[in-house]
Amino acid sequence: MTGTRPGEGELPSPAGTQGPIAAGVGVEQLAGGGAALGLAPVGRKAIWSWLFFDWAAQPFFTLVTTFVFAPYFASAVAATPAEGQALWGYATAAAGLCIAVLAPVLGAIADRTGARKPWIAAFSVPLVLGSLVLGLASPDTPHAVAFALAGFAVATLGAEFATVFTNAMMPDLVPRQKLGRLSGSGWALGYVGGLVSLVLVLGFMAASPDTGRTLLGFDPLFGLDPATRAGDRASGPFAALWYVAFVLPLFLFVPDVPHRPVRLLDAARAGLGDLRATLREVRSNRTVAVFLAANMIYKDGLVALFAFGGIYAAGVLGWSSIEIGTFGILLTVTGTLGAFIGGRLDDRIGPQRVIAGALVVLIACGLGLVSVDADTVFFVVEVAPPQPGDALFGSVSEQVFLAFGAILGAAAGPLQAASRTLLVDVAPPASLTRYFGLFALSGKVTSFMAPALVGIVTALTASQAAGMTVIVVFFCAGLVLVSRIGGSGGANENGREQ
């Protein structure tokens, strides 16, 4: 996960020592923003503190949403894995619907009240409390399913809304020509945080009920009982404590725009009026409208990819939690490197080209993944299937799957980081929080569609590969729309240079 980008030096660590944490994005290079809204020049401490929000928040998504708690819920808490997957999907959809409806409204209100930190603090509370509740979801506890689903949905709302307001601080911190590096560095540092947290939980806390040992072969810490999967359940409280520890620098050291003394009810009325005006602006601003539509489609594809990637590997290759967890670590590593490199490319060639290139890679690797099954690669090349007793990832089909997955992971980070940079380019600066609310809306409003179509096609064809091909179609549609966004490569509609 760590390493330097070609041609660049190393970034000083927050404590002032030298280290390879975010190479190519020296804090000295990023510092100096804040003039746009009358803030004092932003220094290294503020840049590092903003970057650490991604480090603080990412373990919730890595541990709870994807690799540890979600599989635990489906396999140990719900009545059956199929029921668990369905219930988890309903909770995800409910949280996504709330985010889609409320994010633009809250963004509009925040633009009226000015300061973003109070909103980040307010939404940090449900993130932390919801994650702590997950620790109560023991298989032998009454209402464990309700605890798990409610805690997950509430924490997801907090995490997503806090991210909306943190993203809106970006233009206040650095000049436009450094936004790509700032965004890419945040994503990369988030991936590092996700990797470190995943290794800590899988290596020292979450143990197999069969062996009583963790992934690294240790007895679980703190007396966590493997029989009740206590280590898996502890991933929620762990993510909460991690967030509290590492989000504090943002509140202490990152400058914020001045708070405007307005009544909340007045701000709500004015904010809703602003939101209606924003929607009218979007309809008349082709660049923004096309970008938000593209973001909606390719983010939908990413949601399905992350939701079904492990299921596909388990189905076609017979992977267990050890293989899937190791695969997740690999994707986190390549995602970090991809985010670092993508941030540099963003500043050099513009976010639109980075997004288009990432989508091309995702399309190619998506087709590569569906070309693999236990005894076939590239659709037609026959290979020996995995056998019991083989070394980890010992078969050719597993190795090809790993290679495609690693490259795909490297493309996912730049796609998401460049997306928020491109929004800064095309949105009016004075209404940026509102537009980040719409950005969140476009990423959530149809987040059910690709997973639903994957399920429908899989059921109709009885083929996991056919179902996964739907995701490639979403990436292709997103690429077509991205190619039609105007203004990239020169001055955008708001006069900023790319």
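Let us look at the structure shown here.

Scoring rules and cut-offs
Residues numbered from 1 in each chain as written. Predicted model: local features only at pLDDT ≥ 70, side-chain atom pairs only at ≥ 80, totals over all residues. Heavy atoms only, no water. Axes fitted to C-alpha atoms, helices over the stretch in contact; angles between N-to-C directions. Helix = DSSP H or I, 4+ residues; strand = E, 2+ residues; numbered from the N terminus. Parallel < 35°, antiparallel > 145°, perpendicular 65-115°, else oblique. Left-handed = near helix turned anticlockwise from the far one by under 90°. Nonpolar A, V, L, I, M, F, W, Y, C, P; charged D, E, K, R; others polar. 1 Å grid on protein atoms, 1.4 Å probe; cavity = no way out; pocket = protein on both sides within 12 Å on 5 of 7 lines; lining within 4 Å. Points joined across faces, edges and corners; volume = space filled by probe spheres on them. Phe/Tyr/Trp six-rings, centres within 6.5 Å; stacked < 30°, edge-to-face > 60°. Buried < 20%, exposed > 50% of the residue type's maximum accessible area, 1.4 Å probe, protein only. Lys NZ or Arg CZ within 6 Å of the ring centre and 35° of its normal.

With respect to the packing of helix H2 (residues 44–67) against helix H8 (residues 179–204)
So, point 1. The geometry of H2 relative to H8 is characterised by a closest axis approach of 7 Å and an angle of 45 degrees between their N-to-C directions. If you check the angle between H2 and H8, you find them oblique. Considering only the axes of H2 and H8, their crossing is right-handed.
So, point 2. Residue composition of the contact of H2 with H8, by class: 17 nonpolar, eight polar and one charged.

Examining empty space enclosed by the protein
Leftover empty space is mapped by rolling, across the atoms, a probe with the size of a water molecule.
So, point 1. Per the counting criterion, the structure on display carries one cavity of 30 Å³ or more.
So, point 2. The space that makes up the largest cavity amounts to roughly 60 Å³.
So, point 3. In this structure, the largest cavity is lined by Leu305, Leu362, Gly366, Leu369, Val370, Leu408, Met468, Ile471, Val472 and Phe475.
So, point 4. Only helix H14 (351–370) and helix H18 (464–482) provide two or more residues apiece to the lining of the largest cavity.
So, point 5. Class assignment for the residues of the lining of the largest cavity results in nine nonpolar, one polar and no charged.

Things to note about the packing of aromatic side chains
So, point 1. With the rule as written, the count across this model stands at 17 aromatic pairs.
So, point 2. Measuring from ring centre to ring centre gives 5.4 Å for tryptophan 55 and tryptophan 242, while their planes differ by 25 degrees; the resulting arrangement is stacked. Remark: tryptophan 242 occurs in helix H10 (residues 235–253) and tryptophan 55 occurs in helix H2; sequence separation between them is 187 residues. There is no split in this pair, since tryptophan 55 and tryptophan 242 are both buried.
So, point 3. Taking the centre distance of 5.3 Å and the plane angle of 75 degrees together, the rings of phenylalanine 60 and phenylalanine 61 count as edge-to-face.
So, point 4. In this structure phenylalanine 60 comes out as buried when scored by relative accessible area, which is 2%.
So, point 5. Here the aromatic residues Trp48, Phe52, Trp55, Phe238, Trp242 and Phe246 are joined through ring pairs into a cluster of three or more.
So, point 6. Here lysine 45 stacks its cationic end above the ring of phenylalanine 253, 4.7 Å away from the centre of that ring.

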